[in-house]
Structures are given as C-alpha cells and as structure tokens.
Amino acid sequence: METAQQEVLSEQKTNPGIEMKGSAALLEGLLAEGVDTIFGYPGGAIMPIYDALYDYMDKIKHILVRHEQGGIHAGQGYARSSGKVGVVFATSGPGATNLVTGLADAQIDSTPLVCITGQVFAHLLGTDAFQEIDIINITSPITKWNYQITDATEIPEILAKAFYIARSGRPGPVLIDITKNAQLQKFNFEGYKPCAHIRSYRPKPIVRKEYITEAAALINSAKKPFVLWGQGVLLGRAEEEFKAFIEKTGIPSAWTILGAGAIPSDHPLNVGMLGMHGNYGPNVLTNECDVLIAIGMRFDDRVTGRLDKYAKQAKVIHLDIDPAEIDKNVQSTVPVWGDCKETLPLLMDACEAKQHPEWIEKFRSFEREEHAEVIDNELFPTTEELTMAEVIQVLNELTKGEAIIVSDVGQHQMIACRYGKFNNTRSNITSGGLGTMGFALPAAIGAKFGALDRTVVAVIGDGGIQMNIQELGTIMQCGIDVKIIVLNNQFLGMVRQWQELFQEKRYSFVDITSPDYIKVAEAYGIPGSSVSKREDLRTALQTMLDTNGSYFLEVMVMKENNVFPMVPQGCSVSEIRLK
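Residues numbered from 1 in each chain as written. Predicted model: local features only at pLDDT ≥ 70, side-chain atom pairs only at ≥ 80, totals over all residues. Heavy atoms only, no water.

### Regarding the packing of aromatic side chains
Then comes step 1: Per the counting criterion, the structure on display carries 14 aromatic pairs.
Then comes step 2: Arranged with centres 5.9 Å apart and planes meeting at 20 degrees, the rings of Tyr517 and Phe552 form a pair that is stacked. With Tyr517 in helix α22 (residues 517-523) and Phe552 in strand β20 (residues 551-556), this pair connects stretches of sequence that are 35 residues apart. We note that Tyr517, like Phe552, is buried.
Then comes step 3: Lying over the aromatic face of Phe491, Arg496 brings its terminal NZ or CZ to 5.8 Å of the ring centre. (Phe/Tyr/Trp six-rings, centres within 6.5 Å; stacked < 30°, edge-to-face > 60°. Helix = DSSP H or I, 4+ residues; strand = E, 2+ residues; numbered from the N terminus. Buried < 20%, exposed > 50% of the residue type's maximum accessible area, 1.4 Å probe, protein only. Lys NZ or Arg CZ within 6 Å of the ring centre and 35° of its normal.)

Quick look at the structure:
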C-alpha cells in the first residue's frame with residue numbers, strides 16, 4: 001500500500017504541469033481561491049492580465065469601475081457584505097496610487113482585500129519610466145502585507161500567501177505588484193496550492209486558559225457588568241457565540257458602529273451605540289460599571305473620549321485577536337488573547353447564569369431621557385422641514401430592518417447608524433476609522449455583488465456623493481440594483497455643526513452647491529426623484545424600493561440640524577451633551 005508521501009510523488013510524476021503565462025496563472029489562482037468578482041480598471045502595465053481575463057469571462061465576473069478609488073471601495077463593500085476577500089485590479093502609476101485611500105481605509109477597518117497592480121517591466125524599475133511608481137514603499141504602512149513579483153514562477157505561491165494573510169487572523173488588505181514581464185513570462189505551472197501556514201506569521205495568538213478563568217471570576221462577581229462589542233465579533237463569525245454569552249450572563253451590551261448587527265437592534269440586551277454620537281446611557285454608564293468587557297473592539301478615541309477619564313472605576317477585560325490592541329489605549333485588568341469564536345464559548349462555560357434587572361433599568365432610564373430630549377424630536381419633528389432621522393425611520397419600517405445600509409461619512413452616517421434597524425449581521429457598512437467621504441456609492445455597488453439576495457441602500461450626504469459620483473456609470477454599465485438616498489442639507493453638515501458649536505458659527509467654506517442630482521442620475525440611465533415634503537416621503541421611499549433596478553432619491557432635509565447626543569472632543573464620555 002502506498003504511503004501518503006508516495007502518492008504525492010506519484011501524482012507529481014503524472015502531473016508535470018503545463019506551460020502557462022504568468023497572467024493566466026494568476027487567474028487560475030483566483031479561481032482556486034473561489035473568487036467570483038473582480039473590481040478593476042485596465043491600463044498599460046496590467047494589460048497582459050486583462051488580455052488573459054478575456055478567456056475567463058465566463059468564469060470570473062469583472063466590474064469595470066470609473067475610478068480606481070471606486071474600485072477598491074467596491075471591493076471593501078463586497079468583502080464586508082459577503083465575508084469573503086475582495087479583489088481589485090489596477091494598473092501602475094496613477095492607477096496604483098488611486099488605491100491608496102481605500103487601502104488605508106481597509107487597513108484601519110480590518111477589511112480583507114487582495115489588490116493586484118501592474119508594474120513596468122523589471123528592467124525599467126528605478127528608471128522613472130512612464131507610469132512607474134514605487135507602490136510597495138508607498139503602501140507598506142497601509143497594508144497588512146505587500147510584495148512585488150518580477151518572475152512568473154513566484155505568482156502561485158505569492159498569491160496563495162496573499163489570500164491567507166488577507167483573510168486570516170485580524171483581516172486586512174494585501175497588495176501584489178506584478179511587473180509586466182512576469183505577466184507575459186511563460187513557465188511550467190504545476191497547479192495552485194492554497195496557503196495554510198507561514199512560518200513567520202501567527203494569525204491567532206494561543207488562548208491562555210488562566211486568563212479565561214480570571215475573566216470569568218470578575219464577571220461572576222460583578223454587580224454592574226457592561227459589554228462593549230465591535231467588528232471583531234463579525235470578523236470572527238462569532239455572532240451566535242456572542243449572543244449565547246450575553247444571554248447566559250445577562251449583561252447589557254453596546255456596540256461600535258462597525259459592530260452593529262451582531263445581534264438584532266431590538267434584542268433586549270442591546271442597549272445601543274457607543275461613541276461621540278452614540279446613545280446617552282452607554283456613554284454615561286461606561287463610567288459607572290464595575291466590570292467592562294470589551295470584545296473585538298480597539299478603544300478608538302471616538303468611543304473613549306478622554307482616556308484619563310475613561311472607565312477608571314472598572315476592571316477591564318479585553319478580548320481581541322490582535323495582541324497589539326490590548327493595553328494600547330486602555331489598560332486591561334485581564335487580557336484575553338484569541339479569536340472570539342474560540343474564547344467566547346470558553347468564557348461562557350466558565351460564567352454563571354445571571355440577570356441584572358436593576359442595572360439594565362438604569363440604561364432604560366437614560367434611554368427614556370434621550371427619547372424625551374432628542375430622539376422623539378428627530379423622529380417626530382414639529383418643523384415643516386424633514387429630518388434625516390425620520391427618513392431612516394420610514395426606511396426601517398418599509399424594509400423591516402432587513403436591508404444592508406451603506407453610509408458615507410458625516411452627519412447622515414451618524415444618523416444612519418443611530419437610527420437604522422439591523423436584524424442581521426453584516427448590515428451596517430460604513431467607513432469607520434479613516435472616515436472616507438466618497439466611500440458609500442462604490443461600496444454599495446460592491447456590497448450588492450457580495451449579497452445579491454439582499455436590498456442594499458446607500459445613504460449619502462450632498463458632499464460625499466460628489467466625491468465618487470462617477471460610479472453611477474458603473475451602475476449604468478453593469479445594471480446592479482442599488483438604492484441611493486442623498487440626504488441633502490446643502491451643507492458639509494458635520495463640519496458646519498462643529499463650526500456652530502465650537503467656532504462661534506463662523507461658517508467657513510461649508511455651504512456646498514449641488515447639481516440637479518435627478519438629471520445627473522437620469523443621464524446615467526437611473527430613474528430618480530426629489531422630495532422635500534413629509535407627506536411625500538413614504539411614497540417616494542416605497543417607489544425607490546419597488547423599482548426594478550437602481551434608483552436615486554434626493555431628500556431635502558433641515559439645513560442646520562445637529563446630531564445629538566454628542567461627546568465634545570477632549571471631554572469624558574460622562575460629559576455627553578443632549579443638546
């Protein structure tokens with residue numbers, strides 16, 4: 001009987017490989033990794049790959065974007081809605097540099113991408129050739145890994161490493177730069193072998209059981225425990241484990257904007273949103289809890305406010321897959337390293353079943369106060385002008401909380417996150433850490449390709465829509481069904497809000513003029529309408545949702561409305577303002 005090693009040797013003898021260009025080998029590798037969609041834009045240095053792609057059009061879908069930044073944001077949206085790795089193609093020089101903002105966005109938001117850039121011939125490197133740029137050094141700080149290929153024989157191995165690094169551990173973007181000669185070079189392709197191990201790379205830290213025991217002891221003795229969860233729960237596909245943990249322990253739980261949807265918005269232990277424009281109770285009570293359990297979140301400054309006044313009374317348990325995040329901003333009492341899909345069941349088993357009705361009632365009391373001071377006025381305004389919140393509220397009612405909402409950056413983003421209803425995971429897609437205006441339209445396109453069975457709604461401001469409005473052309477050409485809502489307050493709203501509150505209403509270059517969006521959309525073959533009256537809002541939203549294909553809805557909203565609550569910069573979360 002042959003041993004396993006003999007079988008492998010026998011297979012190698014009978015499968016000597018086939019001669020293949022580097023460009024074709026790349027596409028074979030993408031197929032082997034299960035890639036079904038690529039977002040890209042061709043150019044001179046990546047032309048051999050696009051020539052090879054001509055023969056793979058029946059196997060891999062390529063979406064021709066209108067700008068490389070649109071391509072990488074689409075890749076991000078695809079990755080965030082599907083849970084798979086987003087793939088992006090761009091040429092050298094300006095094509096590659098146009099990816100930089102998206103790479104930085106994906107790096108800080110832990111989004112798995114593999115970006116393939118073309119490069120000039122290897123013998124021209126360093127000569128300042130046409131469209132040559134050192135994209136490796138440019139992107140080193142904003143990628144999880146990058147690598148330049150100058151020989152086709154490296155393509156299968158490097159591509160396999162790229163996908164493994166992008167999706168494993170704490171996910172992130174990887175960039176592979178391939179010189180034109182490597183794309184054209186023929187070599188003996190012996191098949192594609194996915195990567196499962198790299199000697200110098202450990203994606204998951206070893207779970208230390210003693211820390212699980214220490215953490216459970218703190219939780220079991222806590223009178224006022226509080227869970228803060230972030231995107232790590234979604235990235236670890238640990239939604240069920242997280243839900244089981246909080247339901248057994250009875251701990252009230254609040255979310256960062258990238259963590260929204262891990263449990264439904266109306267779950268009884270979901271007490272709301274953290275952060276600068278989060279809910280009143282979760283912010284104030286962070287500084288009253290006795291045990292703070294952070295799960296898959298990184299204590300960003302928008303969540304913590306002043307660090308020297310943040311949760312100083314609490315014992316802090318921090319669960320994270322990335323040891324670099326633990327003790328970086330907030331000192332932990334018990335660090336729990338590891339993938340939360342592994343650590344949460346261990347922690348749950350060691351915790352006692354409990355309920356904390358009096359403690360949860362404190363959150364509900366703050367919630368009632370927030371409703372009286374802020375929420376009711378936003379959802380049921382007495383003004384003639386529409387508010388952003390009531391638009392989101394009607395959208396919730398019509399979609400029943402089942403839609404994916406992709407928001408841009410600004411006031412409308414905070415409103416969409418605060419008031420959106422998310423019954424399912426991977427339903428709130430936005431640019432978190434980098435705060436990239438222009439993100440939402442292309443990201444919504446990608447999100448729809450990643451979740452074809454779900455309704456995708458882009459919620460964008462009148463500033464952000466003008467940053468990547470050219471991607472309407474992508475919608476026109478590929479025919480994807482994306483619903484677009486522009487909440488138009490005729491201002492760069494969040495900057496204006498800060499200028500009003502902190503700079504004596506000195507409005508400096510925030511009054512932005514917009515084109516006739518409906519005519520622009522119609523020029524791209526996308527139907528649309530504009531509404532400004534409350535009595536027309538529901539019908540307009542229903543028409544948008546019922547339309548077969550994309551639709552562009554402009555909603556004129558109150559010009560100088562502010563997003564509250566708000567933790568002013570430099571203040572403690574306890575100093576959150578309701579007005």
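### Description of the pairing of strand β18 (residues 483-488)
Then comes step 1: Among the six residues that make up β18, six are buried, leaving the element largely enclosed by the rest of the structure.
Then comes step 2: Burial along β18 is two-sided: the face carrying Lys483, Ile485 and Leu487 and the face carrying Ile484, Val486 and Asn488 are both buried.
Then comes step 3: Sheet analysis places strand β17 (residues 456-461) next to β18, joined by five bridges and oriented parallel. Paired with Ile460 across the bridge in β18 is Val486.
Then comes step 4: With six bridges joining them, β18 and β20 adopt parallel strand pairing. By the bridge assignment for β20, Ile485 is matched with Leu553. (Pairing = 2+ DSSP bridges.)

### Focus: the sheet that holds strand β13 (residues 315-320)
Pairing between the strands of a sheet is mediated by backbone hydrogen bonds and can be parallel or antiparallel.
Then comes step 1: Sheet architecture is open: six strands sit in the order β11-β10-β9-β12-β13-β14, paired in parallel fashion. Of all the strands in the sheet, just β11 (270-273) and β14 (334-337) have a single pairing partner and so form its edges. On average, each strand axis in the sheet is inclined to that of its neighbour by 20 degrees, with strand direction left out of account.
Then comes step 2: In this sheet, β11 lies alongside strand β10 (residues 253-255) in parallel orientation, the contact comprising three bridges. Considered in β11, the bridge of Ala254 is made with Gly272. (Axes fitted to C-alpha atoms, helices over the stretch in contact; angles between N-to-C directions.)

### Thoughts on the sheet that holds strand β5 (residues 113-119)
Then comes step 1: Here six strands make up an open sheet; going across it, the order is β3-β2-β4-β5-β7-β6 and the pairing parallel. If you trace the sheet from one side to the other, it starts and ends with β3 (61-64) and β6 (145-149), each paired once. Between one strand and the next, the sheet's axes are offset by a mean angle of 20 degrees, whatever the strand orientation.
Then comes step 2: Where strand β2 (residues 37-40) lies against β3, four bridges are found, and the strand directions are parallel. For Ile38, the partnering residue across the bridge sits in β3 and is His62.

### Here's the deal with the pattern of salt bridges
Then comes step 1: Going through the model one piece at a time under the given rule, you end up with 24 salt bridges.
Then comes step 2: For Lys204, the salt bridge identified is with Asp339, shortest N-O distance 3.4 Å. Placement of Lys204 in the loop between β8 (186-189) and α10 (209-221) and of Asp339 in the loop between β14 and α15 (340-350) is noted, with a sequence separation of 135 residues between them.
Then comes step 3: Judged by its relative accessible area of 37%, Lys204 falls in the partly exposed class.
Then comes step 4: When its relative accessible area of 10% is taken as the criterion, Asp339 is described as buried.
Then comes step 5: Measuring nitrogen to oxygen at the nearest pair gives 2.8 Å for the salt bridge that ties Glu367 to Arg364. Taken together, the residues span about one helical turn, with Glu367 and Arg364 both in helix α16 (residues 357-379) at a distance of three residues.
Then comes step 6: Taking relative accessible area as the criterion, Glu367 reaches 31% and is therefore assigned partly exposed. (Salt bridge = Lys/Arg side-chain N within 4 Å of Asp/Glu carboxyl O.)

### Side note on helix α8 (residues 155-167)
Each α-helix winds once per 3.6 residues, and so residues spaced three or four apart point in a common direction.
Then comes step 1: The end-to-end C-alpha distance of α8, which contains 13 residues, comes to 18 Å, matching closely the 18 Å that a straight helix rising 1.5 Å per residue would cover.
Then comes step 2: Across the 13 residues that make up α8, a large majority, ten, are buried.
Then comes step 3: Taken together, the buried positions of α8 are Ile155, Pro156, Ile158, Leu159, Ala160, Ala162, Phe163, Tyr164, Ile165 and Ala166.
Then comes step 4: Looking one or two places after α8, you find Gly169, whose phi comes out positive at around 60 degrees. (Expected span 1.5 Å × (residues − 1).)

### Let's talk about the side chain of Gln119
Then comes step 1: Within the secondary structure, Gln119 sits in strand β5.
Then comes step 2: The exposure class of Gln119 is buried, given its relative accessible area of 2%.

### Side note on the packing of α10 against α15
Then comes step 1: Relative to each other, α10 and α15 sit at 50 degrees, their axes nearing to 9 Å. Considering the angle they form, α10 stands oblique to α15. Of the two possible hands of crossing, α10 and α15 adopt the one that is right-handed. For the pair α10 and α15, the contacting residues are Lys209, Ile212, Ala215, Ala216, Ile219 and Asn220 in the first and Thr343, Leu346, Leu347 and Ala350 in the second.
Then comes step 2: Across the contact of α10 with α15, the residue classes tally to seven nonpolar, two polar and one charged. (Parallel < 35°, antiparallel > 145°, perpendicular 65-115°, else oblique. Left-handed = near helix turned anticlockwise from the far one by under 90°. Contact = heavy atoms within 4.5 Å. Nonpolar A, V, L, I, M, F, W, Y, C, P; charged D, E, K, R; others polar.)

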